[in-house]
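So you can see what is in the structure, the chains are spelled out below.
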Amino acid sequence: MLNHDSLPAHPSPLPCFSLRQGDAVDWLRAIPAASLDLVITDPPYESLEKHRAVGTTTRLKHSKASSNDWFKIFPNARFGELFAEVYRVLKKNTHFYLFCDHETGFHAKPIAEAAGFRFWKPLIWDKKRIGMGYHYRARYEFILFFEKGKRRLNDLSIPDIIEAPRIHRGYPTEKPVEVSEILVEQSSQHGDVVADPFCGSGSAGVAAVHHGRHFLGNDICAEALEITRERLLTAGAKDRVPAPFQ
Ligand SMILES: C[S@@+](CC[C@H](N)C(=O)[O-])C[C@H]1O[C@@H](n2cnc3c(N)ncnc32)[C@H](O)[C@@H]1O
């Protein structure tokens with residue numbers, strides 16, 4: 001999966017990152033089993049199509065992610081192969097976080113459990129201000145919290161509601177870095193490798209790097225990867241394959 005050609009003999013103590021373009025499941029398949037410490041991801045879920053069909057996401061149709069339409073959705077029918085791969089690449093005793101809406105959450109939970117994960121609970125990302133919708137305006141999103149094996153959270157005093165204002169005029173559906181920072185701090189250690197197979201603008205990667213973790217990212221869209229790369233470099237990370245993968 002990773003190109004080792006230009007690597008120096010001595011890995012840097014700085015956080016490193018490696019980005020690839022392609023389908024999330026294909027990318028995961030090329031990663032060795034039991035090699036990642038944490039996966040945080042945010043697929044473009046199928047129910048977005050429904051929101052778009054009723055016109056509530058018109059403002060997102062011409063996005064930075066593509067020349068015309070918004071990015072393609074990742075169908076619920078592919079969750080089985082996605083979660084099986086996420087489970088395989090995670091080390092024993094690790095966590096997996098999946099951003100999604102309530103509708104996708106009901107689909108995803110049993111499929112992830114069938115892949116081997118233990119489901120703990122949905123965390124709530126409280127966006128602090130109302131957004132789309134007619135049947136109670138949307139103010140929150142789920143982050144499904146899964147476990148492979150058994151792992152203690154680093155800080156048992158953190159609540160299951162994470163407050164952070166939504167991002168305006170960012171990448172489509174960009175998540176605030178501070179939300180992923182809590183997940184990174186709770187479920188990994190300094191020097192660990194965090195991965196996001198649908199990295200978008202790289203928010204989870206920036207969170208990882210802010211806390212001294214390495215990052216492996218993938219997206220199907222080249223422009224997303226350019227944005228991610230810029231953000232990770234600005235955050236002080238090196239564009240180099242993390243040492244555990246050399
Ligand atoms: C919801 S966005 C991620 C946003 C990200 N969390 C952020 O904060 O910027 C989903 C991303 O998945 C990408 N994507 C769509 N289909 C994909 C696929 N099959 N494999 C990998 N990435 C895909 C899209 O290009 C988009 O960038």
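Residues numbered from 1 in each chain as written. Predicted model: local features only at pLDDT ≥ 70, side-chain atom pairs only at ≥ 80, totals over all residues.

A. The overall build of the chain, seen in detail. In terms of regular secondary structure, the chain is built from 7 helices and 9 strands. Residue burial in the chain is summarised as follows: out of 246 residues, 39% are buried. The long-range share in the chain, meaning contacts at least 24 apart out of those at least 6 apart in sequence, stands at 76%. (Helix = DSSP H or I, 4+ residues; strand = E, 2+ residues; numbered from the N terminus. Buried ≥ 20, exposed ≤ 12 C-beta atoms within 10 Å, placed from the backbone. Contact = placed C-beta atoms within 7 Å.)

B. Main features of the nonpolar core. In this structure, V86, I143 and V194 are the most contacted members of the largest nonpolar core, which totals 61 residues. Excluding anything up to four places from it in sequence, I143 contacts Y97, L98, F99, P122, L123 and W125. (Core = buried A, V, L, I, M, F, W, Y, C linked by C-beta atoms within 7 Å.)

C. Structural context of the site of the ligand. Neighbouring the ligand are 23 residues; A24, F198, G200, S201 and S203 lie closest to it. Here the residues of the shell around the ligand sort into 12 nonpolar, 5 polar and 6 charged. (Near = placed C-beta within 6 Å. Nonpolar A, V, L, I, M, F, W, Y, C, P; charged D, E, K, R; others polar.)

D. Spotlight on the pairing of strand β1 (residues 16–21). In this structure, β1 lies alongside strand β9 (residues 238–239), joined through 2 bridges in parallel fashion. Directly across from C16, in β9, lies its bridge partner K238. (Pairing = 2+ DSSP bridges.)

E. Representation of the packing of helix α5 (residues 177–187) against helix α6 (residues 203–210) in the model. The geometry of α5 relative to α6 is characterised by a closest axis approach of 8 Å and an angle of 55 degrees between their N-to-C directions. Taken together, the axes of α5 and α6 are oblique relative to one another. The two elements α5 and α6 meet at a crossing, and its hand is right-handed. Judged by residue contacts, V177, S180, E181 and V184 of α5 engage S203, A204, V206, A207, A208 and H210 from α6. Here the residues of the contact of α5 with α6 are counted per class, giving 6 nonpolar, 3 polar and 1 charged. (Axes fitted to C-alpha atoms, helices over the stretch in contact; angles between N-to-C directions. Parallel < 35°, antiparallel > 145°, perpendicular 65-115°, else oblique. Left-handed = near helix turned anticlockwise from the far one by under 90°.)

F. Expanded view of helix α7 (residues 222–234). With 13 residues, α7 extends 19 Å between its outermost C-alpha atoms, agreeing within 8% with the 18 Å of an ideal straight helix rising 1.5 Å per residue. Summarising the contacts, the buried residues of α7 are in contact with β1, α6 and β8 (214–219). Backbone geometry just after α7 places G236 at a positive phi near 100 degrees. (Expected span 1.5 Å × (residues − 1).)

G. Representation of unusual backbone geometry in the model. Not every positive phi belongs to a glycine, and R169 is a case in point at roughly 60 degrees. We note that T173 has phi near 55 degrees; this positive angle belongs to a residue other than glycine. Looking at the element boundaries, T173 is found in the loop between β6 (161–163) and α5.

H. Local environment of the sheet that holds β8. On the basis of which strands lie adjacent, the open sheet formed by 9 strands has the order β6-β4-β5-β3-β2-β7-β8-β1-β9 and mixed pairing. Where the open sheet ends on each side, the last strands, each with one partner, are β6 and β9. Where strand β4 (residues 118–126) and strand β5 (residues 140–148) come together, 8 bridges link them in antiparallel fashion. Residue pairing in the sheet places P122 in a bridge with L144 of β5. Against the sheet, α5 engages β2 (36–41), β3 (90–100), β4, β6 and β7 (193–196), with an angle of about 155 degrees to β2. Strand contacts of α7: β1, β8 and β9, with the helix running at about 175 degrees to β1, the strand carrying the most contacts.

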